[in-house]
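Here are the chains, one letter per residue:
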Amino acid sequence: MSDALTTIHLTQRQDYQFDTHFGAAVRDLVTDEPEPLGHGLGPSPVQLLCAAVGNCLSASLLFSMRKYKLAPEPLSCTVEADVGRNADKRLRVLQMNARLTLGVPAATLAHLDRVLEQFEAFCTVTESVRQGFPVSVEVFDSTGARLK
């Protein structure tokens, strides 16, 4: 049995547009497929998956940094999904690449090696997604130096 159950509810507006309800405390979100299937009036399922991976990685990195009382803000993250055909000719996310950027130079952060070694393990979404396809993660500091 899981520790928590997350539930969302989708209601079709028209065609491929859906109102996505996250619960009383969170504003609804309109989702849509891109053209030619939909109209692109909201994020697509692949975009939502990218957002989930990027948000979770960013939060995990911040959590790991704050354990050592470090302030890397502002963090930023870019996630790319490679979508292509599988062996059955079905569209699938084949892999993702995430690039996290710290808001400060690495030289100002003690224990950075430990943080970079462990933060991905705290990311529920990325570690779950990795069971289906590869997700690469790079981390850079504010000077553009690659840290991981």
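Anything mentioned here points back to the structure above.
Predicted model, so just to flag it, every value in this text is computed and none were measured.

Calculation notes
- Residues numbered from 1 in each chain as written.
- Predicted model: local features only at pLDDT ≥ 70, side-chain atom pairs only at ≥ 80, totals over all residues.
- Heavy atoms only, no water.
- Helix = DSSP H or I, 4+ residues; strand = E, 2+ residues; numbered from the N terminus.
- Buried < 20%, exposed > 50% of the residue type's maximum accessible area, 1.4 Å probe, protein only.
- 1 Å grid on protein atoms, 1.4 Å probe; cavity = no way out; pocket = protein on both sides within 12 Å on 5 of 7 lines; lining within 4 Å.
- Points joined across faces, edges and corners; volume = space filled by probe spheres on them.
- Nonpolar A, V, L, I, M, F, W, Y, C, P; charged D, E, K, R; others polar.
- Contact = heavy atoms within 4.5 Å.
- Core = buried A, V, L, I, M, F, W, Y, C linked by side-chain atoms within 4.5 Å.

Caption draft 1: Region of interest: unusual backbone geometry. Of note, the bond from E35 into P36 is cis; its omega dihedral lies within 30 degrees of zero at 15°. With respect to the helices and strands, the residue P36 is situated in the loop between β3 (29-31) and α1 (45-67). For the bond running from E73 to P74, omega is 0°, close enough to zero to count as cis. For P74, the position within the fold is in the loop between α1 and β4 (76-85). The backbone of D15 sits at a positive phi, close to 45°, despite the residue not being glycine. Locating D15 in the fold gives a position in the loop between β1 (9-14) and β2 (17-21). Not every positive phi belongs to a glycine, and K69 is a case in point at roughly 60°. Look at K69 and you get exposed, because its relative accessible area is 77%.

Caption draft 2: Seen up close, the layout of surface pockets. Here the largest pocket defines a volume of roughly 310 Å³. Residue lining of the largest pocket: 16 residues in total, with E33, P34, S44, V46 and L91 positioned closest to the centre. Counting only elements with at least two residues in the lining of the largest pocket, the list comes to α1 and β5 (91-101). The residue inventory of the lining of the largest pocket, partitioned by class, reads eight nonpolar, four polar and four charged. Approximately 180 Å³ is the volume attributed to the second largest pocket. For the lining of the second largest pocket, the element with the highest residue contribution is α1, accounting for four residues.

Caption draft 3: Representation of the environment of S136 in the model. With respect to the helices and strands, the residue S136 is situated in strand β6 (residues 135-140). C-alpha separation for the pair S136 and R66, spaced 70 residues apart in sequence, amounts to 23 Å. Not counting chain neighbours up to four residues away, the residues in contact with S136 comprise M96, N97 and A98.

Caption draft 4: Region of interest: the nonpolar core. The biggest cluster of nonpolar side chains holds 26 residues, and the ones touching the most others in it are L57, L61, M65, M96, F119 and V137. Where this core is concerned, the elements lending two or more residues are α1, β5, α2 (112-118) and β6. Per-element tally for this core: the top contributor is α1, with six residues.

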